[in-house]
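# Structural overview
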Amino acid sequence: MAETQILLTEARKRAKPSNSSLKASVSMECLVSLYVLLLVCGCLTGVTTVLFGFGGGFVVVPLLYQLLSQLNAADSAVGQSAMQIAVATSTCVMIFGALLATWRHQRAGTLDWSQVRPLLGVIGVGAVLGALAASAVHGEWLRWAFAAYLALTIGDCWLRPGFLSPTATHKAAPSLTATALSGLVIGWVAAFLGVGGSVMTVPLMRRRGIEMSRATAMANPLSLPVALAGTATYVALSATSTPSFGPWHLGYVDVRAAATLVVGSWIGIRAAGRWIGRIPDRIHAKVYLALLIVVFGAMVVR
């Protein structure tokens, strides 16, 4: 974190105050350094995607938000929409991560498609609604909504029985109506915050008595409809009310940042794939919860 702050400080010293885009506001040297940082964080995104089902949002959103906020004036187009850009770019990167991680888990035999299939379509519908809602909300409100949801999730996982230690018996699958409603909520929250569905699906599966390796595995295919529907919605907004962020943007999506993160994510997924199903269940759950706490801290401390 200290190294990141040093890079940001150097970038701001060399920035041209009259420009709001990343390309114009920092020197080439600092720009390269920042994209190297994105590549490294893309690797971390790949690891958290394949092992914890995060879909990248818990890493990408805080990182991009901090970078965009520090490197652009608060009253610039990018500065005012930093959170929306971070969420939209995270959702775009999620497409690649969810596809590759799903393939790796399918090969490892950790996917239970009977639990996944009923949720796919309704999650996609919820994701479109969530992306539309996020584009209409002020970036600071979106940031605090992200932090508040993390806090609720951390408290729920910590205090409610069934997450740190799975229940002894598996609960019956919910009705079709309950499944549809939960899918809409998961899709809406995931696209609204750019985090994938893991923050809701993993605790849910744990309380049904499912081991951590399978609960996190199922979060990846469930993140795919969120990523596809959410990204399509954010890009479509470029033809309507989205302000101009300069070149290399499709609506709210920062294309260069997304491409860099995808490359890093591929490296991380390949490196971490060998650990699928090998982490002890209780340790897996504790690390998942610890990562949520770290991300919460990153979002509330500016």
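Reading the values: rules and limits
- Residues numbered from 1 in each chain as written.
- Predicted model: local features only at pLDDT ≥ 70, side-chain atom pairs only at ≥ 80, totals over all residues.
- Heavy atoms only, no water.
- Phe/Tyr/Trp six-rings, centres within 6.5 Å; stacked < 30°, edge-to-face > 60°.
- Helix = DSSP H or I, 4+ residues; strand = E, 2+ residues; numbered from the N terminus.
- Buried < 20%, exposed > 50% of the residue type's maximum accessible area, 1.4 Å probe, protein only.
- Lys NZ or Arg CZ within 6 Å of the ring centre and 35° of its normal.
- pLDDT = per-residue confidence, 0-100.
- Contact = heavy atoms within 4.5 Å.

Further remarks concern the packing of aromatic side chains. The final tally for this structure, using the stated rule, is two aromatic pairs. Between Phe-163 and Tyr-288, the aromatic rings sit 5.6 Å apart at their centres with planes inclined by 50°, giving tilted as the arrangement. Here the residue Phe-163 occupies a position in the loop between α8 (139-159) and α9 (176-193), and Tyr-288 occupies one in helix α13 (residues 281-300), the gap between them amounting to 125 residues. In this structure, Phe-163 and Tyr-288 share a single accessibility class: buried. Through successive ring pairs, a cluster of aromatic residues spans Phe-52, Phe-163 and Tyr-288. Its guanidinium or amino end placed over the ring of Phe-163, Arg-206 lies 5.8 Å from that ring's centre, counting from NZ or CZ.

This brings us to the confidence of the model for the protein chain. Mean pLDDT for the protein chain: 79, with 81% of residues reaching 70 or above. Considering each helix and strand of the protein chain separately, the mean pLDDT is smallest for helix α2 (residues 22-25), with a value of 46, and largest for helix α12 (residues 255-272), with 92. Taken as a whole, residues 15-26 scores under 50 in pLDDT and shows 22 contacts with residues more than four places along the chain or in a different chain.

Moving on to the environment of Met-218. Looking at the secondary structure, you find Met-218 in helix α11 (residues 212-236). On the basis of relative accessibility, which here comes to 1%, the residue Met-218 falls in the buried class. Linking Met-218 and Phe-52, residues 166 residues apart in sequence, is a C-alpha distance of 9.9 Å.

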